[in-house]
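# Structural overview
Below are the chains, spelled out letter by letter.
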Number of protein chains: 2
Amino acid sequence: MYTVFAWEAYASGFPGCERMFGLFSAAEALKARGMRVTPQRIAVYNVLKATDDHPSVETVYERVRSDCPSISLNTVYTTLCKMAEIGLIRPIDAGDGLCRYDGNPHPHAHVVCTSCRRVEDLDVRIDLDEKEAASRSDYTIDDVAVYFYGKCADCRKLSNRSIRSI
Amino acid sequence: MYTVFAWEAYASGFPGCERMFGLFSAAEALKARGMRVTPQRIAVYNVLKATDDHPSVETVYERVRSDCPSISLNTVYTTLCKMAEIGLIRPIDAGDGLCRYDGNPHPHAHVVCTSCRRVEDLDVRIDLDEKEAASRSDYTIDDVAVYFYGKCADCRKLSNRSIRSI
DNA sequence: CGCTTGTGGATAATCATTATCAATAGGGAG
DNA sequence: CTCCCTATTGATAATGATTATCCACAAGCG
């Protein structure tokens, strides 16, 4: 049973619990999978860990270049892809055709603004029974994603303003 | 409150209830939005309605050419995009970089095979409180999507076979 | 029937992502 | 500590899904 609720608050209230949730350090997780620990990978990982927005590959690339100016976009792509494969980070789809990532790999809901495509974590209780899902579908369930779609406060203000200005 | 459960079974057991669920005929929905009703649009819509898989744009294109041989891929793209905009159909992301669509626009869960990327409807109860989501996020919530990820029975068989054959 | 305007289709352009491949560097063996 | 093997990096090119352009056409109105 996945309970998608208050995870970030819970984790931040219990420093040191990362291991409980499978959040090993990046270096540790890479080594455990036989992958090399390189400065590029650490830098990419740090970019994701340092923010709670959900940057696209291109955005990660721009940010990581301050730490690692010679890194290539290709390396950012492959690094993010591999880290997502081993569960260190989580791929996010905001419906804008870009590949985004979340530094928090634990299942949790997201809310996507359908105007500006910003993505935020959503602290809402949702009970998802993966056993029921598996029994009804003949799939083995490994993961779940929940997306809410709507308008953020900023975009609501903008649309109100444009209506008024007519 | 969205309750994502047994919707297809419910709807199929009550023929004629489409209007209850906002499922007007394609022609009706297009007209209501001031969009023209063309043979191409009807043909594209019928392709989606005739299947319970979740075809990509390219797949819709291949199938619709039996009804409408001269249709262009561009028209399929724009038609699907506009129909999704007005809520006639639902865009689906299977994580393979393709744009897929579901002829059933009502919120319901999906399960995605991470090997072959097939997508199936999932008949599982999930209670999602969009009011709670809105109150916690300062977003107005219009829609929700739930994806389970795992392996389908066919891909499990294939991976077992390949392990045995080593 | 004729007019207006949204739409379709052919083509080209865009752009995110992936492939290629030689040079480089991680990290275990000795 | 050094060497060596091999995964990784980065420059470049290629791929391929999606989007833009633009003219001809036809839907829908009177």
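The structure we're discussing is the one just above.
Here's a quick rundown of the structure. (Residues numbered from 1 in each chain as written. Chains lettered and ligands numbered in written order. Predicted model: local features only at pLDDT ≥ 70, side-chain atom pairs only at ≥ 80, totals over all residues. Heavy atoms only, no water.)

Here we come to empty space enclosed by the protein. All names here are of chain A. Applying the stated rule across the entire model yields one cavity of 30 Å³ or more. Taken as a whole, the largest cavity holds about 30 Å³ of empty space. R90, P91, I92, H108, H110, A145, V146 and Y147 together form the lining of the largest cavity. Mapped onto the lining of the largest cavity, the elements with two or more residues apiece are β2 (90-92) and β7 (140-151). Residue classes in the lining of the largest cavity are distributed as five nonpolar, two polar and one charged. (1 Å grid on protein atoms, 1.4 Å probe; cavity = no way out; pocket = protein on both sides within 12 Å on 5 of 7 lines; lining within 4 Å. Points joined across faces, edges and corners; volume = space filled by probe spheres on them. Helix = DSSP H or I, 4+ residues; strand = E, 2+ residues; numbered from the N terminus. Nonpolar A, V, L, I, M, F, W, Y, C, P; charged D, E, K, R; others polar.)

With that out of the way, let us pick up the interface of chain B and chain A. Each partner contributes residues to the interface: chain B has 37 residues there, and chain A has 37 residues. With both chains or domains summed, chain B and chain A bury close to 3000 Å², and 59% of this area falls on carbon and sulfur atoms. Among the residues of chain B in contact with chain A, Y139, F148 and Y149 of chain B are the three that bury the most area, contributing 22% of the side total. There are two salt bridges connecting chain B and chain A. Here chain B and chain A share 16 residue pairs in polar contact (both at pLDDT 80 or more) between them. Only β4 (109-113), β5 (119-122), β6 (127-128), α6 (130-137), β7 (140-151) and α7 (153-164) of chain B provide two or more residues apiece to the side of chain B that touches chain A. Ranked by residue count, the leading element in the side of chain B that touches chain A is β7 of chain B, at twelve residues. Across the side of chain B that touches chain A, the residue classes break down as 19 nonpolar, three polar and 15 charged. Pairing geometry for β7 of chain A and β7 of chain B, over eleven bridges, is antiparallel. (Contact = heavy atoms within 4.5 Å. Buried area = accessible area lost by both parts, 1.4 Å probe. Salt bridge = Lys/Arg side-chain N within 4 Å of Asp/Glu carboxyl O. Polar contact = N/O pair within 3.5 Å; in protein donor to acceptor, adjacent residues only side chain to side chain. Pairing = 2+ DSSP bridges.)

Residue and element names in this part refer to chain A. Scanning the entire structure with this criterion turns up two aromatic pairs over all chains. Between Y147 and Y149 the ring centres are 6.3 Å apart and the planes differ by 25°, which places this aromatic pair in the stacked class. Side by side, Y147 and Y149 carry an identical accessibility label, which is buried. (Phe/Tyr/Trp six-rings, centres within 6.5 Å; stacked < 30°, edge-to-face > 60°. Buried < 20%, exposed > 50% of the residue type's maximum accessible area, 1.4 Å probe, protein only.)

With that settled, the discussion passes to the relation of the copies chain B and chain A. Superposition of chain B onto chain A requires a rotation of 180° combined with a translation of 0.0 Å along the rotation axis, giving an RMSD of 0.1 Å. Here the symmetry operator amounts to a two-fold rotation axis. The C-alpha atom lying nearest the rotation axis in chain B is that of V146 of chain B; the distance is 2.3 Å. (Least-squares fit on C-alpha atoms with pLDDT ≥ 70 in both.)

A few words now on the pairing of β4 of chain B. All names here are of chain B. In terms of burial, β4 is largely enclosed, as five of its five residues are buried. Side chains A109, V111 and C113 of β4 all project onto a buried face; the interleaved residues H110 and V112 project onto the opposite face, where all are buried too. Linkage of β4 to β5, two consecutive antiparallel strands, is achieved through a turn of five residues, within which R117 is found at a positive phi near 65°. Taken together, the four bridges between β4 and β7 define a ladder with parallel strand orientation. Bridge pairing in β7 places H110 opposite Y147.

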